[in-house]
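Read off the chains here:
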Amino acid sequence: MGRHALPGQPPVPLTLRKSARARRISLRISQLDGRVTLTYPQGVPESEALSFAKTKEDWIREHLEARPDAIDIGFGESIPIEGVVRRIVPAEGRRILLDRDNVSVPAGGEARRLARFLKELARDRLIGACDDYAAMLGRSYSSLTMRDTRSRWGSCSSHGGLMFSWRLILAPSEVLHYVAAHEVAHLAEMNHSPAFWAQVERIFGPYSEPRRWLRENGTDLHRYRFDAGT
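Cut-offs applied
Residues numbered from 1 in each chain as written. Predicted model: local features only at pLDDT ≥ 70, side-chain atom pairs only at ≥ 80, totals over all residues. Heavy atoms only, no water. Helix = DSSP H or I, 4+ residues; strand = E, 2+ residues; numbered from the N terminus. Buried < 20%, exposed > 50% of the residue type's maximum accessible area, 1.4 Å probe, protein only. Contact = heavy atoms within 4.5 Å. Areas by Shrake-Rupley, 256 points an atom, 1.4 Å probe, with all protein chains shown as cover. Lys, Arg positive; Asp, Glu negative; His and termini not counted. Charge placed at Lys NZ, Arg CZ, Asp CG, Glu CD. Phe/Tyr/Trp six-rings, centres within 6.5 Å; stacked < 30°, edge-to-face > 60°. Pairing = 2+ DSSP bridges. Disulfide = S-S within 2.5 Å.

Visitor: Whenever I open this one, the overall build of the protein chain confuses me. Can you help?
Guide: Along the protein chain, the regular secondary structure elements total six helices and 13 strands. Its C-alpha atoms put the protein chain at 55 × 50 × 30 Å along the principal axes. By residue count, 43% of the 230 residues in the protein chain fall in the buried class. Partitioning the contacts of the protein chain with sequence separation of at least 6, the portion at a separation of at least 24 is 46%. Entry remark: accessible area of the protein chain is about 13,000 Å², with carbon and sulfur atoms responsible for 47%. Positive and negative side-chain charges in the protein chain, numbering 34 and 28 respectively, have mean positions lying 6 Å apart.

Visitor: Got a minute to help me understand the packing of aromatic side chains in this structure?
Guide: Given two aromatic rings, one states the distance between the centres and the angle between the planes to describe the pair. This structure, assessed with the given rule, holds six aromatic pairs. Where tryptophan 166 meets phenylalanine 226, the ring centres are 5.4 Å apart and the plane angle is 65°; that geometry is what we call edge-to-face. In this pair, tryptophan 166 sits in the loop between strand E12 (161-165) and helix H4 (173-185) while phenylalanine 226 sits in the segment after strand E13 (224-225), placing the two residues 60 residues apart along the sequence. Of the residues examined, tryptophan 166 reaches a relative accessible area of 2% and is grouped as buried. Within the aromatic cluster, the residues linked to one another by ring pairs are Tyr133, Tyr178, Phe196, Trp197, Phe204 and Tyr207.

Visitor: I would appreciate a short explanation of the sheet that holds strand E8 (residues 97-98) in the present structure.
Guide: Whether parallel or antiparallel, the strands of a sheet pair through hydrogen bonds between backbone atoms. As summarised here, the arrangement of the four strands in space is E6-E7-E9-E8, forming an open sheet in which the pairing is mixed. Both outer strands of the open sheet, strand E6 (78-81) and E8, are each paired with one neighbouring strand and no more. For E8 and strand E9 (residues 102-105), the ladder comprises two bridges, and the chain directions are antiparallel. Bridge pairing in E9 links leucine 97 to serine 104.

Visitor: Got a minute to help me understand the state of the cysteines in this structure?
Guide: As used in these notes, a disulfide is a covalent bond between sulfur atoms, one from each of two cysteines. For the structure shown, the criterion picks out zero disulfides. As a non-bridged cysteine, cysteine 130 has cysteine 156 as the owner of its nearest cysteine sulfur, 9.4 Å distant. Take cysteine 156: its relative accessible area is 12%, and that puts it in the buried class.

Visitor: Could you clarify how one ought to interpret unusual backbone geometry in this entry?
Guide: The phi torsion of most residues other than glycine is negative, and most of the peptide bonds are trans. Of note, the amide linkage connecting glutamine 9 to proline 10 takes the cis form, showing an omega dihedral of -5°. Its location among the elements puts proline 10 in the loop between strand E1 (2-6) and strand E2 (12-19). Backbone geometry places glutamate 82, a non-glycine residue, at a positive phi of 55°. Tracing the chain through its elements places glutamate 82 in the loop between E6 and strand E7 (84-90). By relative accessible area, which is 24% here, glutamate 82 ends up partly exposed.

Visitor: Is there a simple way to explain the side chain of serine 165 in this structure?
Guide: Along the polypeptide, serine 165 turns up in strand E12. On the accessibility criterion, serine 165 (0% relative accessible area) is buried. Once residues lying within four places of it in the same chain are set aside, the contact partners of serine 165 are Arg147, Thr149, Arg152 and Trp153.

Honestly, that's just the spatial picture; any functional story needs more than this.
Put into structure tokens, the structure is as follows:
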């Protein structure tokens with residue numbers, strides 16, 4: 001993939017992707033990070049693809065301007081933790097502490113410290129939820145890993161390995177639990193058939209509300225920037 005940019009103020013970075021499967025030139029703007037990807041067929045010159053992007057510049061800029069602003073983590077900012085918005089304040093001691101209104105973080109690399117704390121908290125909550133749902137299902141999983149995934153909130157491999165986005169810890173608790181139940185249910189049904197959704201409802205209960213919340217609000221969880229790569 002090549003990288004270019006539309007000139008202007010500010011320049012708009014473009015990721016060019018030549019695809020043997022593409023039948024026409026297309027543009028895609030990621031709702032998660034605003035990345036603009038220009039895909040074009042093998043037989044189309046790169047210059048033609050760039051010219052196409054130029055004709056769509058107004059559309060691209062309009063969509064980028066409509067995206068919520070990113071939030072760089074630091075003192076004075078607020079962040080949801082288990083769905084509760086808390087203000088990030090300096091800690092008096094060396095530990096990160098949560099209360100109803102604040103998350104207190106030791107000064108010095110506070111963004112990295114908070115990211116590490118949230119990942120550990122996410123792992124704790126997800127292991128507890130997955131253990132409970134797996135026991136209800138009568139199945140076991142082989143491993144649980146966490147990543148900062150952009151395209152999915154969780155997955156289940158054919159070998160029983162579960163993977164989750166650690167950013168689920170920013171969502172309300174019932175949303176995290178719904179995703180845990182969803183992936184655990186794949187241990188019994190590796191599909192999205194009616195039988196699969198019946199398993200989700202059996203171990204979790206009614207799931208329409210947390211599923212809707214994630215669909216409508218999940219993108220916002222990626223607004224928070226802790227450091228490069230997080």
